[in-house]
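# Remarks on the overall topology
Listed below, chain by chain, are the residues.
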Amino acid sequence: MFASLALNSLFFALTLQFGGYCGCEDKPQVTVLAVVNNVKITKQELGSTTQARVSLLQIEVTTARAAEVERQVTNLLLNKEAQKRGITPEQLLQIEVKAKVTEPTAAEVEEFYKEREPRMPGGLKAHKTEIISYIKGDRERVAAVRFLQKLREDNDVAVYFSNPTPPANEEELERVLATVNGTNITSRDVEQSLLPLIFTVQQKVYAIRKEALDLRINDVLLEQEAKRLNTTPGSILSRALAGKLPIITDRQAKLFYDENKKKINEDFSKVKFQIIQLLTEREQQRLAQAFAAELRQNAAVQIYLTPPDPPSLRKPIPLP
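Residues numbered from 1 in each chain as written. Predicted model: local features only at pLDDT ≥ 70, side-chain atom pairs only at ≥ 80, totals over all residues. Heavy atoms only, no water.

Before going further, it helps to spend a moment on the overall build of the protein. A count of helical and extended segments in the protein gives 10 helices and 6 strands. The buried share of the protein, reckoned over its 320 residues, is 34%. Summarising the internal contacts of the protein: among those between residues at least 6 apart in sequence, 68% fall at separations of at least 24. When the accessible surface of the protein is summed, it comes to about 19900 Å², and 54% of that surface belongs to carbon and sulfur atoms. (Helix = DSSP H or I, 4+ residues; strand = E, 2+ residues; numbered from the N terminus. Buried < 20%, exposed > 50% of the residue type's maximum accessible area, 1.4 Å probe, protein only. Contact = heavy atoms within 4.5 Å. Areas by Shrake-Rupley, 256 points an atom, 1.4 Å probe, with all protein chains shown as cover.)

Written out as structure tokens, the structure is:
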């Protein structure tokens, strides 16, 4: 109970911090996601863990929306300055950023290493190239920020919505989020750029909800079968799995170990029983899913959760 309250508080706080509704629902999701033998399963029944995972994905879109406004402002500034000089934006960055970054000295490399020596085993020689690359990259980032700040000061830039909300209808797609020397950056410009990300998030959200919904449907079917036989779900499942659970051999455990050796980092003898337990649990899950599939064959199951449609800005963006 307390864990659920903590998760609910977490994604509520994150939603407030990052601007609320992300505008990445493909369509308004109905409250009832499925009906199993006249028993309704609602979105709320999928649990706070599922909602927290969905909320974290949606935050990707809200943060990306704010970053996209800044990216489009930067692109307009770079393009104008490059055009004025008769060069490409790439050449401009080479001249004003990369060419002005100095190579780190041997003393700077050594100082960097000494400050992080406990986390960099193998000696300075093993990490020298990596350290030089990191220092130069950091200097490039600083130089780029300074150059872009100067471009902003030298041009007429106005950002009206630094953390914009998603458009709720066709009219709001024309909302001006920022201007650069009289050129508007609209909500349509930003949303068009975000379409691939939004669709990816929609697909991930659907997959998370579908997985949780399938598990909940299985639970409901098991509960209904237990009620019909006047017993418990645990007893039903134990009876269904009796005599079917295979014994995991040392050879199977060793095969799993060999296939995953790079991730395990322990001798086989130390992890053998853990591997056997893991493989046994996998077999239990497989058999339980097969039993759930049998229960579904004789049940009336309607699923209303639907996958996302391909993205388009030609239709209004719906509220959740």
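What follows picks up the thread again.
Take the environment of Thr-129 next. Counting through the fold element by element, Thr-129 comes out in helix H5 (residues 124-154). Along the backbone, Thr-129 and Val-109 are 20 residues apart, and their C-alpha atoms lie at a distance of 9.5 Å.

Within helix H7 (residues 233-241), burial applies to Ile-236, Ala-240 and Leu-241. Looking straight down H7, one finds its buried side chains confined to an arc of 125°; they lie on one side. Along H7, the residues that are exposed and aim more than 90 degrees away from the buried face are Ser-238 and Arg-239. Turning to H7, the residues buried within the fold contact helix H6 (187-228) and helix H10 (268-297). In the segment just after H7, Gly-243 is the residue with positive phi, at about 75°. (Arc of directions from axis to C-beta.)

One open sheet holds the 3 strands; their spatial order is E2-E1-E6, and the pairing between them is antiparallel. The open sheet has two edge strands with one neighbour each: strand E2 (39-42) and strand E6 (301-303). Neighbouring strand axes in the sheet, compared pairwise and without regard to direction, differ in orientation by 20° on average. In this structure, strand E1 (residues 32-36) lies alongside E6, joined through 3 bridges in antiparallel fashion. Within E6, the position partnered with Val-35 by the bridge is Gln-302. (Pairing = 2+ DSSP bridges. Axes fitted to C-alpha atoms, helices over the stretch in contact; angles between N-to-C directions.)

Burial within strand E4 (residues 176-180) is extensive, with 4 of its 5 residues counted as buried. Pairing of strand E3 (residues 157-159) with E4 involves 3 bridges; the strand directions are antiparallel. Bridge pairing in E4 links Val-157 to Val-180. Sheet topology places E4 next to strand E5 (residues 183-186); 4 bridges connect them, and they run antiparallel.

This brings us to the sheet that holds E3. Taking strand neighbours across the sheet as the criterion, the 3 strands line up as E3-E4-E5 in an open arrangement whose pairing is antiparallel. Each of the sheet's edge strands pairs with one partner strand only, and the pair in question is E3 and E5. Mean inter-strand twist for the sheet, computed between neighbouring axes without regard to direction, equals 20°. Across the sheet, helix H2 (residues 48-85) is in contact with E3, E4 and E5; its angle to E4 comes to roughly 20°. Each of E4 and E5 touches H6; the most contacted strand, E5, lies at about 55° to it.

Quick look at the pattern of salt bridges now. Opposite charge on two side chains permits them to pair, given that their charged atoms come into close proximity. For the structure on display, the rule yields 24 salt bridges. The salt bridge involving Arg-71 is made with Glu-68; its shortest N-O contact spans 2.7 Å. Linking Arg-71 with Glu-68, this pair stays in helix H2, spanning 3 residues, or about one helical turn. On the basis of relative accessibility, which here comes to 40%, the residue Arg-71 falls in the partly exposed class. Accessibility expressed as a relative area gives 8% for Glu-68, which makes it buried. Across the salt bridge formed by Glu-108 and Arg-139, the nearest N and O atoms sit 2.9 Å from each other. Linking Glu-108 in helix H4 (residues 106-115) with Arg-139 in helix H5, this pair joins segments that are 31 residues apart in sequence. Accessibility expressed as a relative area gives 30% for Glu-108, which makes it partly exposed. When its relative accessible area of 24% is taken as the criterion, Arg-139 is described as partly exposed. (Salt bridge = Lys/Arg side-chain N within 4 Å of Asp/Glu carboxyl O.)

Before going further, it helps to examine the nonpolar core. Counting 25 residues, the largest nonpolar core has Val-73, Phe-147, Ile-185 and Val-190 as the members making the most contacts within it. Ranked by residue count, the leading element in this core is H2, at 9 residues. Not counting chain neighbours up to four residues away, the residues in contact with Ile-185 comprise Val-69, Gln-72, Val-73, Leu-76, Arg-175, Val-176, Leu-177, Ala-178, Val-180 and Val-190. Within the second largest apolar cluster, 18 residues are counted, among which are Leu-33, Leu-213, Leu-222 and Ile-236. (Core = buried A, V, L, I, M, F, W, Y, C linked by side-chain atoms within 4.5 Å.)

Turning our eyes to something else, we now look at the environment of Lys-210. Secondary-structure assignment places Lys-210 in helix H6. Expressed as a C-alpha distance, the spacing of Lys-210 and Ile-303, which sit 93 residues apart in the sequence, is 9.7 Å.

Our focus in this paragraph is the confidence of the model for the protein. Scored by pLDDT, the protein comes out at a mean of 87, with 88% of its residues at no less than 70. No element of the protein has a lower mean pLDDT than helix H1 (residues 2-17), at 37, and none a higher one than E4, at 97. When the criterion is pLDDT under 50, residues 1-20 qualifies, and its contacts beyond four places in sequence or with other chains add up to 19 contacts. Within the model, pLDDT remains below 50 along residues 316-320, and this stretch shows 20 contacts once partners closer than five positions in the same chain are excluded. (pLDDT = per-residue confidence, 0-100.)

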